[in-house]
Structure formats: C-alpha cells, structure tokens
Amino acid sequence: AIASEDLKFTLQEVLDTFKSCLSEHKEVFLEHYVAGWRGLVRFMNCLGSVFSFISKDAVNKIQILVNHLNGENGAHYVTIQSMVKYELDSQLVDLTKRGSFPESGCRTLLRLHRALRWLELFLERLRTSTEDSNTSVMCSEAYNESLAQHHAWIIRKAAGTAFWALPGRATFFDVLNVGSPEQVMAVLGDTLPLISEVYKVTEDLYAQNNILELP
Ligand code: 1PX
C-alpha cells in the first residue's frame, strides 16, 4: 500500500518548506531545512529502488540532525548559525581528520548542503529544459559540477549508474505532481531563488568559519 504521505507529495510543498527555512535575519531554521530534505527523499523514493542507496544515506544524515535537535542541547540547534557557533565553541567538530565526532551537526549538514548545490543545478536545468531534454544527462551534469567533486570513485560510479534509471522528462514532471509542464516551470522559477538563497547563506557561514572541508 502507498502511504498517504506519498500521495500528498507535491514539488510545491517541498519547495515551500525550503521557503520557510530562512528567518528575516537570514538565519536558517534547522527544523525546516531537515523537513525540506525529508520531502526530497520522499520524492526520490517514488523514482524507484535504484535510488535507495542514496536515500538511505540522506535519511541517515537527516536522522543525525533530528537527534541533535531533539537532544538535550537541542536549543543550540534551532538555526544552522547557532549550531555552528555552539559546536565550534564547544569543540564538538573534527576539523582536519575524522575522529571523535563523526556525527557532528556541522559535518553532517555539510554533506546535505553540498547535495543542495546539486539540486539547485539540476532544477535549473529542468527549468530551462525542452521536451527532448534528457533527465539523466541533466542530472549527471549537475552532479559532475557539484557533489561528484566530494565523492570517491566508487560512489561516483554507483551514482552515475543510478542516473541512467531516471524516468524521462514527461514522466518526471508527472511525478512532481504540480500539473502541466508550464506549471512545473512556474513553480521551479518561483522557488529556485529560495533554494539558492538558503544555499548561499549556508555557504557563506561555512566559509566564514573555515569549515567547508570538514572530514
Ligand atoms: C524535484 C526533484 C527532486 C529530486 C530529489 C532528489 C533528492 C536527492 C537527495 C540526494 C541526497 C544525497 C545526499 C548525499 C550526501 C553525501 O554526499 N554522502 C556521501 C558522503 O557522506 P560521508 O558521511 O561518507 O562523508 C556518501 O558517501 C554518499 C553516499 C550515497 C551516494 C550519493 C550520490 C548522490 C547523488 C545525488 C543525486 C541524487 C539523484 C536523485 C535523482 C533525482
């Protein structure tokens, strides 16, 4: 049986979640950030089991962040800004090599942050695509320009193989559940700037704190 959550899924909803991530002072609420990722994973699960190794890793990272949020120090994890400050001030982050803190919020979120760049590039390609554009090609181009640079050969190989199992553009748009291709384009146009903004705010924060390369 299909869970009712899956039936309700639309791209619009997911993108709205990312919209609610940013406070007026450009802080990023971790709860909404994580909720946005949950929605993306749900979507990915509709695309078939070849993607389950990817969604497993994403779910695992989402869970680590949720555990921080719900833990005894949860108050420090309300925004990404407060998380970074708290973990760095309290020396809860492995800065140069993996060690005592394999589940720090900072390194865990960085993995999702890098994936968000992939999403931004992929959605931008979708938005400007035409009927005969190939989703697998758009996906791998976006991947090669972003996440791939952080992945070992074996992961790149597995990801590359999975991309070929992506449905074609028309089916892909149907799965997005927004309506006509024109409506898909419109939703993408409205929300891509928001995703870019969340990405940029996080990127700047990580750059300022010199934690863009956490192991
Ligand atoms: C409207 C379209 C929405 C499409 C939604 C797709 C959501 C994609 C979610 C992808 C999340 C991937 C997180 C990956 C994090 C990561 O880089 N992990 C690696 C490093 O972690 P570590 O803890 O070891 O430092 C880890 O090695 C990753 C393993 C899994 C393979 C990751 C391949 C990522 C490909 C991303 C593209 C997804 C394509 C989905 C098809 C639409």
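Keep in mind the model is a prediction, meaning the values are calculated, not measured.

Asks: Sorry if this is basic, but what is going on with the nonpolar core here?
Replies: Where a protein is soluble and globular, its nonpolar side chains tend to be buried together. Counting residues in hydrophobic clusters, the biggest one holds 64 residues, and the most contacted among them are Tyr33, Ile80 and Met83. Of the residues forming this core, the biggest block, twelve residues, is contributed by helix 6 (residues 105-127).

Asks: Hey, could you run me through the packing of helix 5 (residues 80-89) against helix 10 (residues 181-208) in this one?
Replies: The relative placement of two packed helices comes down to the angle between their axes together with the axis-to-axis distance. Contact geometry for helix 5 and helix 10: axes closest at 11 Å, N-to-C directions at 15°. Taken together, helix 5 and helix 10 sit at an angle that is classed as roughly parallel. As helix 5 runs across helix 10, the sense of the crossing is right-handed. Counted together, Ile80, Gln81, Met83 and Val84 of helix 5 and Val201, Thr202, Leu205 and Tyr206 of helix 10 form the full contact between these two elements.

Asks: I keep staring at helix 3 (residues 30-46) and nothing clicks. Help me out?
Replies: The α-helix winds at 3.6 residues per turn, so residues separated by three or four positions along the chain end up facing the same way. Between its first and last C-alpha atoms helix 3 spans 25 Å; for 17 residues at 1.5 Å apiece the expected length is 24 Å, and the two agree. Within the sequence span of helix 3, burial applies to Leu30, Tyr33, Val34, Gly36, Trp37, Gly39, Leu40, Val41, Phe43 and Met44. Where the residues of helix 3 are buried, they touch helix 2 (11-19), helix 4 (52-70), helix 5, helix 6, helix 9 (169-176) and helix 10. Looking one or two places after helix 3, you find glycine 48, whose phi comes out positive at around 125°.

Asks: Help me out: how do you make sense of the side chain of lysine 61 in this one?
Replies: The residue lysine 61 is located in helix 4 in this model. We classify lysine 61 as buried; its relative accessible area is 10%. At a separation of 2.9 Å, a polar atom in the side chain of lysine 61 contacts the side chain of aspartate 57. With sequence-adjacent residues up to four places away left out, lysine 61 is seen in contact with Arg107, Thr108, Arg111 and Leu112.

Asks: Explanation requested: the site of the ligand in the structure shown.
Replies: The ligand sits among 24 residues. The nearest are Asp57, Lys61, Arg107, Arg111 and His151. Interatomic distance of 2.8 Å between a side-chain N/O atom of aspartate 57 and a nitrogen atom of the ligand. Summarising the interface, the protein chains cover 91% of the accessible area of the ligand, which totals 940 Å² for the free molecule. Listing elements by their share of the shell around the ligand, those giving two or more residues are helix 3, helix 4, helix 6 and helix 8 (153-163). Broken down by element, the residue count for the shell around the ligand peaks at six residues, all from helix 6. Its residues assigned to classes, the shell around the ligand comprises 19 nonpolar, one polar and four charged.

Asks: Would you mind showing me how to read the pattern of salt bridges here?
Replies: Pairs can form between side chains of opposite charge once their charged atoms are near each other. If you walk through the whole model with that rule in mind, you get ten salt bridges. Among the ionic pairs, lysine 61 bridges to aspartate 57, the shortest N-O distance being 2.9 Å. Residue lysine 61 and its partner aspartate 57 are located together in helix 4, separated by four residues, close to a single helical turn. Within the structure, one salt-bridge network assembled from shared partners comprises Arg125, Glu141 and Glu145.

The rules behind each value
Residues numbered from 1 in each chain as written. Predicted model: local features only at pLDDT ≥ 70, side-chain atom pairs only at ≥ 80, totals over all residues. Heavy atoms only, no water. Core = buried A, V, L, I, M, F, W, Y, C linked by side-chain atoms within 4.5 Å. Buried < 20%, exposed > 50% of the residue type's maximum accessible area, 1.4 Å probe, protein only. Helix = DSSP H or I, 4+ residues; strand = E, 2+ residues; numbered from the N terminus. Axes fitted to C-alpha atoms, helices over the stretch in contact; angles between N-to-C directions. Parallel < 35°, antiparallel > 145°, perpendicular 65-115°, else oblique. Left-handed = near helix turned anticlockwise from the far one by under 90°. Contact = heavy atoms within 4.5 Å. Expected span 1.5 Å × (residues − 1). Polar contact = N/O pair within 3.5 Å; in protein donor to acceptor, adjacent residues only side chain to side chain. Near = heavy atom within 4 Å. Areas by Shrake-Rupley, 256 points an atom, 1.4 Å probe, with all protein chains shown as cover. Nonpolar A, V, L, I, M, F, W, Y, C, P; charged D, E, K, R; others polar. Salt bridge = Lys/Arg side-chain N within 4 Å of Asp/Glu carboxyl O.

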